[in-house]
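Chain by chain, the residues run as shown.
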Amino acid sequence: METRLMPSPRETAVLDTQELRAAFLLDELFFTGEVNLIYTDLDRAIVGSVIPTEGTLVLGNDDALKADFFCQRREVGLLNLGAAGSVDVDGTVYEIDKHDCLYIGRGSKEISFSSTDAGDPAVFYLVSYPAHAGYPTTKATRADANRVELGSKDECNERTIFQYIHENGIKSCQLVLGFTEFKPGSIWNTMPCHTHDRRSEVYCYFDVPAAHRVLHMMGQPQETRPLWVADRQVVLSPPWSVHTGCGTASYRFCWAMGGENQAFTDMDRVEIADLR
Ligand SMILES: O=C(O)C(=O)C[C@H](O)C(=O)CO
Ligand SMILES: [Zn+2]
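The paragraphs below set out a description of the structure included in this document.

Cut-offs used in this document
- For every chain, the first residue of the written sequence is number 1, and numbering continues from 1 onward in sequence order.
- Chains carry letters from A onward and ligands carry numbers from 1 onward, assigned in written order.
- Totals for whole chains, interfaces and linings use every residue, but because this is a predicted model, local features are given only for residues with pLDDT of at least 70 and side-chain atom pairs only at 80 or more, for both listing and counting.
- Each residue receives a C-beta atom built from its backbone; the residue is near a molecule or strand if that atom lies within 6 Å of it.
- Side-chain classes are defined by residue name, with Ala, Val, Leu, Ile, Met, Phe, Trp, Tyr, Cys and Pro counting as nonpolar, Asp, Glu, Lys and Arg as charged, and the others, Gly among them, as polar.
- When DSSP finds two or more bridges between a pair of strands, those strands are recorded as paired.
- Helical segments are the DSSP runs of H or I of at least four residues, strand segments are the runs of E of at least two, and each set is numbered from the N terminus.
- The term nonpolar core means buried Ala, Val, Leu, Ile, Met, Phe, Trp, Tyr and Cys residues held together as one set by C-beta atoms within 7 Å.
- Counting other C-beta atoms within 10 Å of a residue's own tells you its class, since 20 or more makes it buried, 12 or fewer makes it exposed, and anything in between is partly exposed; those C-beta atoms are placed from the backbone.
- By definition, residue pairs are in contact when their C-beta atoms, positioned from the backbone, come within 7 Å.
- Helix axes are fitted to C-alpha atoms over the stretch in contact, other axes to C-alpha atoms as well, and angles between N-to-C directions run from 0 to 180 degrees.

Near ligand 1 the following residues occur: Leu 150, Arg 159, Ile 161, Thr 180, Asn 189, Thr 190, His 196, Glu 201, His 243, Trp 255 and Met 267. The class makeup of the residues in the shell around ligand 1 is four nonpolar, five polar and two charged.

Ordered in space as β16-β22-β19-β20, the four strands form an open sheet in which the pairing is antiparallel. On the outer flanks of this sheet lie β16 (188–189) and β20 (223–229), each paired with one strand and no other. As paired elements, β16 and strand β22 (residues 244–247) share two bridges and run antiparallel to each other. Among the inter-strand pairings, Trp 188 is bridged to a residue of β22, identified as Cys 246.

Attention now goes to unusual backbone geometry. With an omega dihedral of 0°, the bond running from Met 191 to Pro 192 counts as a cis peptide bond. Tracing the backbone through its elements, the reader meets Pro 192 in the loop between β16 and β17 (194–195). Backbone geometry places Arg 44, a non-glycine residue, at a positive phi of 55°. Positionally, Arg 44 belongs in the loop between β3 (35–40) and β4 (46–50). Of note in this structure, Lys 66 is not a glycine but carries a positive phi near 50°.

Here the focus is the environment of Cys 173. Counting through the fold element by element, Cys 173 comes out in the loop between β14 (159–165) and β15 (176–182). In the structure, Cys 173 is positioned 42 residues away from Ala 131 in sequence and 5.5 Å away in space, judged by C-alpha atoms.

Once that is clear, we can look at the nonpolar core. Cys 101, Tyr 125, Val 202, Val 235 and Ala 256 are the most contacted members of the largest nonpolar core, which totals 70 residues. Those residues within four positions of Ala 256 in sequence are excluded, and the remaining contacts are Gly 77, Val 127, Leu 175, Val 176, Leu 177 and Val 202.

Within the open sheet, the seven strands sit side by side as β1-β3-β4-β11-β6-β9-β12. Their pairing is mixed. Both edges of this open sheet fall to β1 (2–4) and β12 (138–140), since each of them pairs with a single strand only. For this sheet, the mean inter-axis angle between neighbouring strands, taken without regard to orientation, is 20°. Bridge analysis of strand β6 (residues 74–80) against strand β9 (residues 101–104) gives four bridges, and the strand direction is antiparallel. The residue bridging Leu 78 from the neighbouring strand is Leu 102, located in β9.

Scope: geometric values only; no functional claims are made or implied.
As structure tokens, this is what we get:
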């Protein structure tokens, strides 16, 4: 498993574009017919993708975990970005449609993935964090998600937050996960932006049209840096970094957080005029 180590804010301030992208952007995560996992020291998150075609793919153990099996001391949240598929967790099969979420609790041993149609596969995006307790493996459909309406047409940031794994939804140890979808014409996410020293965040942009990009802004509020992000690319966002973006067309993104609290609204808001 590839490992990414996070630079500090001071180191980040002197990185050139290539170095910045190498540190914070997972530009090649999704591979058809494969399980691909990347480990980061950012709250010990593992970010991964599983695109099954013919047959099943297994979430195997990895030497780096020094564990007997992947979820021995970890929990996993996944969102299906593709067509219908299923996930088998210790013999229980969960049918997972586009935009459905599955939480897999600590202690789950045998985890495997399938697509309903190999020609139009499921695209499972997953984020895993260490877990101190076992919570039940639970599925939520798009209709089950808690919806939060944010932004306005005038500010081009009218959007719906779909919350799946959160304080009042699927229970977890530290993982909080959902996705954000825009109303037609809106392109700004997470603006006004924020930091949260108590949690780090992982953004996976998806449904970005091939010729388009999201201009993701990261860095300390007074020292921001741009990352041009394509479809199915992931940005790692340390607690000290803002995480906001503007698309050249409409898009969605999955946000996932790990850390010492799970309060979605615990954000240190940055005034737009204070950004540099
Ligand atoms: O569009 C948004 O606003 C978000 O999706 C915000 C993220 O979920 C976030 O940054 C939560 O801390
Ligand atoms: Zn945030």
